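Geometric and topological summary
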Amino acid sequence: MSELALRAGKLDAADDLAALRERFVLDTGSGHEADAAGVYLDGNSLGALPANVPDRVADVVRRQWGELRIRSWDESGWWTAPERIGDRIAPLVGAAPGRIVVGDSTSVNVFKALVAAVRMAGEGRDELLVDATTFPTDGYIAESAARLTGRTLRAVTPAEVPGALSERTAAVLLNHVDYRTGRLHDLPGLTAAVHAHGALAVWDLCHSAGALPVGLDEHGVDLAVGCTYKYLNGGPGSPAYLYVRGELQDRFDSPLPGWNSHAEPFGMDPVYTPAPGAPRGRVGTPDILSLLALEAALEVWDGVSIDAVRAKSLALTDFFLECVGAYTEPGRVECLTPGRHEERGSQIALRCPDAGEVMKRLIARGVVGDFRRPDVLRFGFTPLYVGFRDVERAARVLGEELL
């Protein structure tokens, strides 16, 4: 057994979060059988299944829907689920209760947040800035929001934002973590710069929520959105969420004023009157099955410190890079993820010319990451269920497949 494998075992034995792995459905194998088990390093695309979710979903389907039927809107708490589940997410992103509503997709929530931000910024501000390195959908939505609101759109990198801001800027849409490279952007500093020019800051948290502290309230973020199927483990297509800063909630003017966000949703009033607080971000009838699966999934966070998760994330990614350096030929791969902790999310992106074929071979051997065109291998590290022996094995198999 190599020195790195021995050290991985010691690190796992000393890991205070190691027991959380039992809360998930994962490939079997431990100790000397570890090589027989799969290594799942794609939680930055789809989180693993929390073990308590199947029984909870079965109860929702068989009892709440099958027996109680429409009574479950009240008796099973269906109606209040979007805000209740939002309050479960809130501590993970540094928000107070009552500031997050869960529902719709990330794309829909980006649209709601951007258009509402433009409306709150006022007529004198005619430009939107969008992260030029953003996930493509955010760019598509930003372009549409700009056309619909009569604003111009300018794409700039996060580093260019401070110099691009002016009295024309209405809002800025940024990603907290770059989905390709894993670079963590300066949320506190960029938010402060946006506010110094009188504009609103909108942040996409898809690749940071559940992996590292965010501090939405602390740093005065105006609006934020995020998915729940990555580090929050909510399941494929699980609903996204929308955060609105407390001081802005009375001014939040949604471009999608559905009946679920009406102050009197069952009054059937032809005139729209928005509900107070977080429910103002709702639109239509919630997707109850996936919403309550997410609620069950979030129970894995009970008693877990996001600061401890961040510390383990950095330790895992540091160890992975050390193992990759030891197991691969010099120059065979190039790391695109920043080495500095303050600039690193919870993934490692490696560039190599034949990345697509390499990832296929890794997956065939049970090491699951993903591939981004044209030449990037992505490995996501979810500290709740990824261990140091997983990391050592993944790097070792990678080195073998790169020979």
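Everything quoted here is computed from the prediction, not taken from an experiment. (Residues numbered from 1 in each chain as written. Predicted model: local features only at pLDDT ≥ 70, side-chain atom pairs only at ≥ 80, totals over all residues. Heavy atoms only, no water.)

Some remarks on the overall build of the chain
- Of regular secondary structure, the chain possesses twelve helices and 15 strands.
- Expected size for 403 residues packed as a compact globule is a radius of gyration near 22 Å; at 22 Å, the chain falls within 12% of this value.
- A principal-axis box enclosing the C-alpha atoms of the chain has dimensions of 70 × 60 × 35 Å.
- Scored against the burial criterion, the 403 residues of the chain give a buried share of 55%.
- Restricting to contacts in the chain with at least 6 residues of sequence separation, those with at least 24 account for 73%.
- Summing over all exposed atoms, the chain offers an accessible surface of approximately 16700 Å²; the carbon and sulfur share of this is 55%.
- Side chains of the chain carry 41 positive and 55 negative charges; the gap between the two charge centres is 2 Å. (Helix = DSSP H or I, 4+ residues; strand = E, 2+ residues; numbered from the N terminus. Rg over C-alpha atoms; globule rule 2.2 N^0.38 Å. Buried < 20%, exposed > 50% of the residue type's maximum accessible area, 1.4 Å probe, protein only. Contact = heavy atoms within 4.5 Å. Areas by Shrake-Rupley, 256 points an atom, 1.4 Å probe, with all protein chains shown as cover. Lys, Arg positive; Asp, Glu negative; His and termini not counted. Charge placed at Lys NZ, Arg CZ, Asp CG, Glu CD.)

Focus: unusual backbone geometry
- Residue R373 is joined to P374 through a cis peptide bond whose omega torsion reads 5 degrees.
- Phi is positive for N233, which is not a glycine, with a value near 60 degrees.
- The class of N233 is buried, set by a relative accessible area of 2%.
- Positive phi, normally seen in glycine, also occurs at M268, with a value near 55 degrees.
- Of note, M268 is situated in the loop between β10 (241–244) and α9 (288–297).
- Residue classification places M268 among the exposed positions, given a relative accessible area of 60%.

So, the sheet that holds strand β6 (residues 152–156)
- Spatially, the seven strands line up as an open sheet ordered β4-β10-β9-β8-β7-β5-β6, and their pairing is mixed. Across the chains shown, the open sheet's two edge strands, defined by having one partner strand only, are β4 (100–102) and β6. Along the sheet, successive strands turn relative to each other by an average axial angle of 15 degrees, direction set aside.
- Judged from the five bridges that link them, strand β5 (residues 127–131) and β6 form a sheet pairing that is parallel. (Pairing = 2+ DSSP bridges. Axes fitted to C-alpha atoms, helices over the stretch in contact; angles between N-to-C directions.)

Things to note about the UniProt feature "modified residue: N6-(pyridoxal phosphate)lysine" (unreviewed entry) in the chain
- The positions that UniProt labels "modified residue: N6-(pyridoxal phosphate)lysine" (unreviewed entry) are, in the present scheme, K230.
- Mapped onto the fold, K230 is located in the loop between β9 (223–226) and β10.
- In this structure K230 touches G43, N44, S45, G47, C206 and H207, once residues within four positions along its chain are discounted.
- A polar contact is formed between the side chain of K230 and the backbone oxygen of N44, at a distance of 3.2 Å. (UniProt positions renumbered as here; feature names shortened; annotations may be inferred. Polar contact = N/O pair within 3.5 Å; in protein donor to acceptor, adjacent residues only side chain to side chain.)

Some details on the sheet that holds strand β11 (residues 334–335)
- Read from one edge to the other, the open sheet built from four strands follows the order β11-β12-β15-β14, with strand pairing classed as antiparallel. With one partner strand each, in any of the chains shown, β11 and β14 (370–372) form the two edges of the open sheet.
- Pairing of β14 with strand β15 (residues 376–380), which is carried by three bridges, proceeds in the antiparallel orientation. Across the sheet, the residue bridging to F371 is L377, located in β15.

Description of the UniProt feature "binding site: pyridoxal 5'-phosphate" (unreviewed entry) in the chain
- In this structure's numbering, the residues bearing the UniProt feature "binding site: pyridoxal 5'-phosphate" (unreviewed entry) are T106, S107, F135, P136, T137, D138, D204, H207, Y229, W259 and T285. What stands out for the annotated residues spanning 180 residues is how far apart their C-alpha atoms range, the widest pair being 30.8 Å apart.
- Here T137 is to be found in helix α6 (residues 136–149).
- For T285, the position within the fold is in the loop between β10 and α9.

A closer look at the packing of helix α4 (residues 81–93) against α9
- In the contact formed by α4 and α9, the axes pass within 10 Å of each other and the chain directions differ by 25 degrees. On the basis of the axis angle, α4 is roughly parallel to α9. Between α4 and α9 lies a crossing of left-handed hand. Note on element contacts: α9 touches α4 through L291, L292, L294 and E295, opposite A81, P82, R84 and I85.
- Its residues placed into classes, the contact of α4 with α9 shows six nonpolar, no polar and two charged. (Parallel < 35°, antiparallel > 145°, perpendicular 65-115°, else oblique. Left-handed = near helix turned anticlockwise from the far one by under 90°. Nonpolar A, V, L, I, M, F, W, Y, C, P; charged D, E, K, R; others polar.)

Observations concerning the environment of A297
- Counting through the fold element by element, A297 comes out in helix α9.
- Judged by its relative accessible area of 0%, A297 is buried.
- Spatially, the C-alpha atom of A297 lies 7.2 Å from that of N52, the residues being 245 residues apart in sequence.
- With residues near it in sequence (within four places) discarded, A297 still touches P50, V53, L232, N233 and G234.

So, the nonpolar core
- Ranked by internal contacts, the top residues of the largest apolar core, which has 79 residues, are V93, L205, W301 and F320.
- Counting residues domain by domain, this core receives three or more from each of domain 1 (3–37 + 305–401) and domain 2 (55–301).
- If near-sequence neighbours (up to four positions away) are discounted, L205 is found in contact with V93, H176, L187, V214, L216, A224, V225, G226 and Y241.
- Judged by nonpolar contacts, the second largest core, of 29 residues, contains M120, A121, A170 and V244. (Core = buried A, V, L, I, M, F, W, Y, C linked by side-chain atoms within 4.5 Å. Domains from an automatic or database assignment.)

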